[in-house]
Structure formats: C-alpha cells, structure tokens
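Architecture at a glance
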Amino acid sequence: MNKKPFTAKALGISYMLAGDGGASNTDPFAEGPTADNQWIKEGPHLMIITPDKAMLDALPTDPANGGPYVMWKGTPYAHIMVPVGSR
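Below or above, wherever it landed, is the structure these notes cover.

Rules used in this analysis
Every chain begins its residue count from 1, and numbering advances along the sequence as written. In keeping with the model being predicted, local features are shown solely for residues with a pLDDT of at least 70 and side-chain atom pairs are shown and tallied solely at 80 or more, while totals for entire chains, interfaces and linings include all residues. Side-chain metrics in this entry use all non-hydrogen atoms of the structure; hydrogen atoms and water are not considered. Geometry of aromatic contacts follows a simple scheme: Phe, Tyr and Trp rings, the Trp one being its six-membered ring, pair when their centres are within 6.5 Å, and the pair is stacked under 30 degrees between planes, edge-to-face over 60, tilted otherwise. Counting from the N terminus, the helices are DSSP H or I runs at least four residues long and the strands are E runs at least two residues long. Burial classes: relative accessible area under 20% of the type maximum marks a residue as buried, over 50% as exposed, and values in between as partly exposed (1.4 Å probe, protein chains only). Only residues whose relative accessible area exceeds 30% and that form no salt bridge enter a patch; like-charged residues are grouped when within 9 Å of one another, and nonpolar side chains (Val, Leu, Ile, Met, Phe, Trp, Tyr) when within 5 Å. Areas reported here follow the Shrake-Rupley algorithm with a probe of radius 1.4 Å; residue values treat only the protein chains shown as occluding. Any carboxyl oxygen of Asp or Glu within 4 Å of a side-chain nitrogen of Lys or Arg constitutes a salt bridge here.

Following the criterion strictly, the structure yields two aromatic pairs and no others. Judged by centre distance (6.5 Å) and plane angle (20 degrees), the rings of F6 and Y77 are stacked. Of the two residues, F6 is situated in the segment before β1 (12-16) and Y77 in the loop between β5 (69-71) and β6 (79-83); the sequence distance between them amounts to 71 residues. Since its relative accessible area comes to 35%, F6 is described here as partly exposed. Ring geometry for F29 and Y77: centres 5.6 Å apart, planes at 80 degrees, overall edge-to-face. Taken together, the residues F29 in the loop between β2 (23-24) and β3 (39-40) and Y77 in the loop between β5 and β6 connect sequence positions 48 residues apart. On the basis of relative accessible area, F29 is assigned to the partly exposed category, the value being 29%.

Put into structure tokens, the structure is as follows:
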C-alpha cells in the first residue's frame, strides 16, 4: 500500500481465512471498484508469491475460472490466489 518497490527473494505463502472486503484484480493501488479494474470479493484464500515470475505464466488471471489465478499480473506485486472456500 505504500507503493514502494518490491522484489520477492523467496517463495512466500500467506492466507486470509476470513476472505477480504474486495480488491482490484488488476490494480494493486485501487481503492474502489471502477468499470475496468475487475473488482472482486474473495472468500477464504491463500496467496503465494514467487521470485520466479515465469511460474505465473501458465495460470489464468480470471478469478471466475474456478481455481487458482494470478492477481496483479504484470506488476511487482503479482501473486497466485488460491481460493479455499466459497465467496
């Protein structure tokens, strides 16, 4: 949120077991929904960061895909979202 540069130096795993209140799937700095920022509310999920961005290439970016997807692709904050419960 502080808009500072970020580079993952190792694999990282985090979780939000209560889900979230909503976020843009494309813009890590968006503060609310717009017509083009794919605002989503995700239920319980894991978040995985990797220093090897090539690992993200085989995954979709569509949160409605029904499985893991890449959030914020093309930014330094790109990570894999892994839904583990209902939205």
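Now, onward.
As a further point, take a nonpolar patch on the surface. Taken together, the side chains of Y15, L17 and V84 present a nonpolar region at the surface, about 350 Å² in accessible area. Inspection of the secondary structure assignment puts Y15 in strand β1. Note on Y15: relative accessible area 57%, which makes it exposed.

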